[in-house]
Amino acid sequence: MIVLYNLAIFLLGVGVRVAALFHPKAKAFAQGRKRGFRELAARFQHQPGFVVWIHCASLGEFEQGRPLIEALKERFPDVRVLLTFFSPSGYEVRKNYDKADYVCYMPLDTAANARRFISLVKPDLAIFVKYEFWHHFARTLHKNNIPLLSVSAIFRQDQLFFQSYGGFYRNILKQFSSFFVQNDESVRLLQSIGIHNVRRAGDTRFDRVYQVVQQAEEIAIAKSFKADQKVLVVGSSWTEDLDVLIPFINEDRLKFIIAPHEISESSLIILERSLQVRSVRYSRAAQTPDLDEARVLIIDNVGMLSRLYRYGEFAYVGGAFGKGLHNILEAACYGVPIFFGNRNYEKFQEAVDLINRGGAFEVSDYPDFKAKYEMLNIPENFLLACEVTRQYVEENLGATRMIIDYVVTTSKLRPA
């Protein structure tokens with residue numbers, strides 16, 4: 001199996017170099033790794049200090065690793081943090097992240113790369129986020145007695161680790177010092193293959209999102225628009241989501257704040273023309289008389305969605321009819337019932353959990369959405385859904401603290 005694994009990594013490298021001739025993302029993937037060792041040597045070789053290496057596949061995993069980085073820097077100001085990414089979509093966005101001492105690509109997982117990387121960086125602790133399990137890096141860290149943690153991990157029965165032919169991949173997991181997983185099923189699965197250094201900690205994203213929500217500033221325009229009426233906030237909506245919502249919006253039952261995923265001028269015009277009720281764009285709202293009489297506020301900018309959910313009694317989060325559900329934790333932190341499409345949400349633990357508990361509702365089309373809204377519009381049902389969502393968030397806070405406490409008790413790292 002190791003021969004096939006090494007061959008796959010080799011072919012990945014060749015494929016990326018070929019693709020780099022035609023695709024900017026592949027070019028960034030290849031070029032970013034060329035200068036990696038040289039800069040690592042300058043930054044880390046012969047430099048003193050406790051080094052923590054945190055590795056994320058891409059931007060989504062960064063949001064899970066970010067609370068750990070910030071907690072480490074707050075409690076241990078002198079710790080040196082190396083942040084690596086596998087994907088350009090993570091690196092290019094966060095390459096200047098100021099809480100990390102250095103940000104770079106993770107080299108491809110070959111035995112030579114792993115040995116060279118570890119010898120240059122000499123990390124005292126390595127933390128891989130969620131789905132990152134690399135044979136040579138895990139093995140090299142283990143051979144050098146460097147603790148390796150897996151955080152915010154989640155496991156499913158259909159993964160290779162749990163198949164009869166998955167011995168090679170199970171061995172990768174056995175190189176880890178400890179696992180901090182999202183749910184009880186992950187604990188059970190790991191224990192079923194003889195891995196007992198596992199704790200159910202939850203998802204560190206809860207800590208990050210809850211912190212952002214608690215520190216969020218008021219949005220005066222949204223507050224004026226809402227006035228004293230019920231609002232449904234629609235976050236990251238796609239065309240398929242709006243196909244469900246537009247007929248309901250045009251019934252003029254309540255107000256809507258819509259933050260579309262695509263905010264090009266042509267997309268905004270299409271949205272406005274589909275509405276039979278009065279709408280206003282956020283960029284024009286300050287100059288709009290009687291703003292509180294508008295029925296739809298269209299957000300034509302980016303960056304404020306997490307603050308907008310506070311103005312809603314209900315939330316609808318887009319993406320599930322397409323490639324995958326967008327972040328529902330921002331809405332959940334405000335303790336409101338959440339709707340989303342009924343297709344691509346199953347890999348999001350919080351979506352599944354909230355559906356099972358009665359705080360979130362998957363919908364197939366307009367009649368289905370309308371029926372579930374009517375059910376939730378009954379006061380006792382609405383209050384119960386709000387309480388379920390609020391409690392779920394509170395129950396899942398604290399993963400970051402649990403991991404940091406573990407690091408303190410198992411390493412030489414101490415508060416300044």
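Residues numbered from 1 in each chain as written. Predicted model: local features only at pLDDT ≥ 70, side-chain atom pairs only at ≥ 80, totals over all residues. Heavy atoms only, no water.

A closer look at the side chain of Glu350
Okay, so step 1: Position of Glu350 among the secondary structure elements: in helix 17 (residues 349-357).
Okay, so step 2: Apart from residues no more than four positions distant in its own chain, Glu350 is found in contact with Arg205, Phe206, Ile328, Leu329 and Tyr392. (Helix = DSSP H or I, 4+ residues; strand = E, 2+ residues; numbered from the N terminus. Contact = heavy atoms within 4.5 Å.)

Some remarks on a nonpolar patch on the surface
Okay, so step 1: Taken together, the side chains of Met1, Leu4, Leu7, Phe10 and Leu11 define a hydrophobic patch exposed on the protein surface, amounting to about 520 Å² of accessible area.
Okay, so step 2: Along the chain, Leu11 falls in helix 1 (residues 2-19). (Patch = residues over 30% accessible without salt bridge, like charges linked within 9 Å, V, L, I, M, F, W, Y side chains within 5 Å. Areas by Shrake-Rupley, 256 points an atom, 1.4 Å probe, with all protein chains shown as cover. Salt bridge = Lys/Arg side-chain N within 4 Å of Asp/Glu carboxyl O.)

Considering unusual backbone geometry
Okay, so step 1: A positive phi angle, close to 65°, is found at Lys130, a residue other than glycine.
Okay, so step 2: Of note, Lys130 is situated in the loop between strand 4 (125-129) and helix 7 (135-143).
Okay, so step 3: Given the relative accessible area of 17%, Lys130 is considered buried.
Okay, so step 4: The backbone of Ser152 sits at a positive phi, close to 55°, despite the residue not being glycine. (Buried < 20%, exposed > 50% of the residue type's maximum accessible area, 1.4 Å probe, protein only.)

Some remarks on the pattern of salt bridges
Okay, so step 1: Enumeration according to the criterion identifies 25 salt bridges in this entry.
Okay, so step 2: A salt bridge links Glu63 to Arg66; the shortest N-O distance between them is 4.0 Å. You can see Glu63 and its partner Arg66 sitting in helix 4 (residues 59-75), 3 residues apart, about one turn around the helix.
Okay, so step 3: Between Arg188 and Glu185 there is a salt bridge, with the nearest N and O atoms lying 2.8 Å from each other. Taken as a pair, Arg188 and Glu185 lie in helix 9 (residues 184-192) at a separation of 3 residues, close to a single helical turn.
Okay, so step 4: The exposure class of Arg188 is partly exposed, given its relative accessible area of 42%.
Okay, so step 5: You can call Glu185 partly exposed: its relative accessible area is 35%.

Remarks on the sheet that holds strand 12 (residues 314-317)
By way of backbone hydrogen bonds, the strands of a sheet pair with one another, either parallel or antiparallel.
Okay, so step 1: Pairing is parallel across the open sheet formed by 7 strands, whose spatial order is 10-11-9-8-12-13-14. Each edge of the open sheet is held by one strand with a lone partner, namely strand 10 (279-281) and strand 14 (360-363). Between one strand axis and the next, the sheet turns through 20° on average, direction left out of account.
Okay, so step 2: The pairing of strand 12 with strand 13 (residues 338-341) spans 2 bridges and is parallel. Across the sheet, the residue bridging to Ala315 is Ile338, located in strand 13.
Okay, so step 3: Docked against the sheet, helix 17 engages strand 13 and strand 14, running at close to 100° with respect to strand 14. (Pairing = 2+ DSSP bridges. Axes fitted to C-alpha atoms, helices over the stretch in contact; angles between N-to-C directions.)

Some details on the packing of aromatic side chains
Okay, so step 1: One pass over the structure, following the stated rule, counts 31 aromatic pairs.
Okay, so step 2: Between Phe128 and Phe176 the ring centres are 6.1 Å apart and the planes differ by 80°, which places this aromatic pair in the edge-to-face class. Note that Phe128 is positioned in strand 4 and Phe176 in the loop between helix 8 (167-173) and strand 6 (178-181), a separation of 48 residues in sequence. As far as the burial class goes, Phe128 and Phe176 line up, both buried.
Okay, so step 3: Here the aromatic cluster, defined as three or more aromatic residues joined through ring pairs, consists of Trp53, Phe117, Phe128, Phe133, Phe137, Phe155, Phe161, Phe162, Phe176 and Phe179.
Okay, so step 4: Between the NZ or CZ atom of Lys255 and the centre of the ring of Phe225, over which it lies, the distance is 4.5 Å. (Phe/Tyr/Trp six-rings, centres within 6.5 Å; stacked < 30°, edge-to-face > 60°. Lys NZ or Arg CZ within 6 Å of the ring centre and 35° of its normal.)

A word on the side chain of Lys130
Okay, so step 1: Buried charge without a partner: Lys130 forms no salt bridge, and the closest opposite charge is Glu61, 5.5 Å away.
Okay, so step 2: Filtering out sequence-adjacent residues up to four positions away, Lys130 remains in contact with Glu61, Gln64, Ser150, Val151, Ser152, Ala153, Ile154 and Gln182. (Lys, Arg positive; Asp, Glu negative; His and termini not counted.)

Topic: the pairing of strand 2 (residues 80-85)
Okay, so step 1: Taking burial as the measure, the 6 residues of strand 2 include 6 buried ones, the bulk of the element.
Okay, so step 2: Residues of strand 2 alternate between two faces, with Arg80, Leu82 and Thr84 on one and Val81, Leu83 and Phe85 on the opposite face, all of them buried.
Okay, so step 3: With 6 bridges joining them, strand 1 (residues 51-56) and strand 2 adopt parallel strand pairing. Counted as the bridge partner of Cys56 is Phe85 from strand 2.
Okay, so step 4: Relative to strand 3 (residues 102-105), strand 2 runs parallel, the two sharing 4 bridges. Its bridge partner lying in strand 3, Leu82 is registered against Tyr102.
Okay, so step 5: Tracing the backbone out of strand 2, into helix 5 (residues 88-94) and back to the parallel element strand 3 gives a crossover that is right-handed. (Right-handed = clockwise from strand over helix to strand, strands pointing away.)

Topic: the environment of Leu125
Okay, so step 1: Secondary-structure assignment places Leu125 in strand 4.
Okay, so step 2: Beyond its immediate chain neighbours, meaning those up to four positions away, Leu125 contacts Phe50, Val51, Val52, Trp53, Ile146, Pro147, Leu149 and Val407.

None of this, on its own, says anything about what the molecule does.
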